[in-house]
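The chain contents come next:
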Amino acid sequence: MNNWLYRLEAKYGRYAIRNLPLYIVGMYVIGFALNMMTQGRIYYEYLSLNPYMILHGQPWRVVTFLLAVPSTSIIYLIFAVLFYYSIGRQLCMVWGAFKYNLYMLTGILATIVGSFLYYAVTHEVYIFMDGYYIYLSMFLAFATIFPDAMVYLYGIFPLRVKWLMYLDLIYLAIDFYRGSNGSRVAIVVSLLNFALFFFGSRNVKRYSPKEIHRKKVYHQKVKPTKAYRHQCAICKKTELDDPNLEFRYCSKCDGDFEYCNEHLFTHTHIKQ
């Protein structure tokens, strides 16, 4: 799966939203404000993901369902914004902006498709789905990558992320048992998205070191002079493609291989 992701990134990586975690928490704040001003009524009446209403003149619901906030507490908002922004930024550092974008987009599209498939089967009018489980799948990915990271519950109680993940999985099981059919669809879709992206890309051989070296030698031969000073050995981006990119040499690779900040910590070390 990694090879497929790398090919997609090489072709469409320039379209990735670099500050997506910031936009996500921004939507969270907007949703919280709307929830407070209308006491939660506007969300279910005009914003939630409801296939029946989308097909009857309210297409904006395919986007606005992401504004759902499960609480009206300002304390909850502060901690949620800081937490989601922090884990989003760290996932971007580990995965790169493109894979993080793709992960969130896949979760969103899968939730939308799942809701329409459920509506097509049941013709149920009262389907209200939100983006809560999409955000939860982002946390599950983070907890799987950094299981021993420490977080402070309410800013006071230290707790390892993996224990929070276990609690969330228990909560998901309870919610699946007690929740509506729409909630069950959202839970299944979010877990499938998490499994596809994380477990589908674990322990899979990435770019072959020999292939990277061969490409580097080839580019050196066919381009003896170049207008750029830095180039990533993985995605081949230079400072001309994105002036905000930073480049570093990897001390663990055999040879002078340079990587952008998105691939510095995720590449396979080249050993000759």
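Data block above holds the structure.
Fair warning: this is a prediction, and the values are worked out from it, not measured in the lab. (Residues numbered from 1 in each chain as written. Predicted model: local features only at pLDDT ≥ 70, side-chain atom pairs only at ≥ 80, totals over all residues. Heavy atoms only, no water.)

Participant: Help me understand the overall build of the protein in this model?
Facilitator: Looking only at helices and strands, the protein features eleven helices and four strands. For the protein, with 272 residues in total, the buried portion stands at 43%. A separation of at least 24 residues holds for 65% of the contacts in the protein among residues at least 6 apart in sequence. By element, 63% of the accessible surface of the protein is carried by carbon and sulfur atoms, the whole surface being about 15500 Å². (Helix = DSSP H or I, 4+ residues; strand = E, 2+ residues; numbered from the N terminus. Buried < 20%, exposed > 50% of the residue type's maximum accessible area, 1.4 Å probe, protein only. Contact = heavy atoms within 4.5 Å. Areas by Shrake-Rupley, 256 points an atom, 1.4 Å probe, with all protein chains shown as cover.)

Participant: It is not clear to me how the nonpolar core should be interpreted in this structure. Could you clarify?
Facilitator: Among soluble globular proteins, nonpolar side chains are generally buried collectively. Of all hydrophobic cores here, the largest spans 58 residues; its most connected members are Phe 65, Tyr 84, Tyr 100, Met 104 and Phe 139. Secondary-structure elements contributing two or more residues to this core are helix H2 (20-38), helix H3 (41-47), helix H6 (74-95), helix H7 (97-122), helix H8 (132-145), helix H9 (161-178) and helix H10 (181-198). Per-element tally for this core: the top contributor is H8, with eleven residues. Sequence-distant contacts of Tyr 84, defined by excluding residues within four places in its chain, comprise Val 25, Tyr 28, Tyr 135 and Met 138. Ala 233, Cys 250, Tyr 259 and Cys 260 belong to the second-largest nonpolar core, a separate cluster that totals 13 residues. (Core = buried A, V, L, I, M, F, W, Y, C linked by side-chain atoms within 4.5 Å.)

Participant: Which parts of the structure should I look at to understand the packing of aromatic side chains?
Facilitator: Centre distance and the angle of the planes are the two values used to describe a pair of aromatic rings. On inspection of all chains with the given rule, the structure shows eleven aromatic pairs. The interplanar angle of 50° and the centroid separation of 5.6 Å between the aromatic rings of Phe 83 and Phe 139 together place this pair among those described as tilted. In this pair, Phe 83 sits in helix H6 while Phe 139 sits in helix H8, placing the two residues 56 residues apart along the sequence. Ring centres 5.3 Å apart and planes at 75° place the aromatic pair Trp 163 and Tyr 166 in the edge-to-face group. Residue Trp 163 and its partner Tyr 166 are located together in helix H9, separated by three residues, close to a single helical turn. According to the relative accessible area criterion, Trp 163 is partly exposed, its value standing at 44%. Tyr 166 gets classed as partly exposed once you look at its relative accessible area, which sits at 39%. Aromatic rings pair up to connect Tyr 28, Phe 83, Tyr 84, Tyr 135 and Phe 139 into one cluster. Sitting over the face of the ring of Phe 176, Arg 184 holds its NZ or CZ atom 5.9 Å from the ring centroid. (Phe/Tyr/Trp six-rings, centres within 6.5 Å; stacked < 30°, edge-to-face > 60°. Lys NZ or Arg CZ within 6 Å of the ring centre and 35° of its normal.)

Participant: Teacher, can you tell me more about the pattern of salt bridges here?
Facilitator: If charged atoms from side chains of opposite charge come close, those side chains can pair. Inspection of every chain in the model, using the stated rule, returns two salt bridges. The closest approach of N and O atoms between Lys 162 and Asp 148, which form a salt bridge, is 3.6 Å. Here Asp 148 lies in the loop between H8 and strand E1 (150-153) and Lys 162 lies in helix H9, a separation of 14 residues in the sequence. The salt bridge partner of Arg 248 is Glu 246, with a shortest N-O separation of 3.7 Å. Under the relative-accessibility criterion, Arg 248 is labelled partly exposed at 44%. For Glu 246, a relative accessible area of 45% translates into the label partly exposed. (Salt bridge = Lys/Arg side-chain N within 4 Å of Asp/Glu carboxyl O.)

Participant: Help me out: how do you make sense of H9 in this one?
Facilitator: Given 3.6 residues per turn, any residue in an α-helix points the same way as the ones three and four places further on. Compared with the 26 Å implied by 1.5 Å per residue over 18 residues, the 25 Å span of H9 between its first and last C-alpha is a close match. Here H9 has its buried residues at Val 161, Leu 164, Met 165, Asp 168, Leu 172 and Asp 175. One face of H9 carries all of its buried residues, which in axial projection span an arc of 100°. Set apart from the buried face of H9 by more than 90 degrees, the exposed residues are Leu 167, Ile 170, Tyr 177 and Arg 178. (Expected span 1.5 Å × (residues − 1). Arc of directions from axis to C-beta.)

Participant: Is there a simple way to explain the environment of Leu 159 in this structure?
Facilitator: With respect to the secondary-structure elements, Leu 159 resides in strand E2 (residues 157-160). According to the relative accessible area criterion, Leu 159 is partly exposed, its value standing at 24%. Leu 159 has contacts with Ala 149, Met 150, Val 151 and Leu 164, leaving out every residue within four places of it along the chain.

Participant: Looking at this structure, I do not really get unusual backbone geometry. What am I missing?
Facilitator: For His 123, which is not a glycine, the phi torsion comes out positive at approximately 55°. Within the secondary structure, His 123 is located in the loop between H7 and H8. One non-glycine residue, Lys 236, adopts positive backbone phi at about 65°. Its place among the elements puts Lys 236 in the loop between helix H11 (209-222) and strand E3 (247-249). Looking at Lys 236, the relative accessible area reads 23%, which means it is partly exposed.

It is worth stressing that arrangement in space is one thing and function is another; only the former is reported here.
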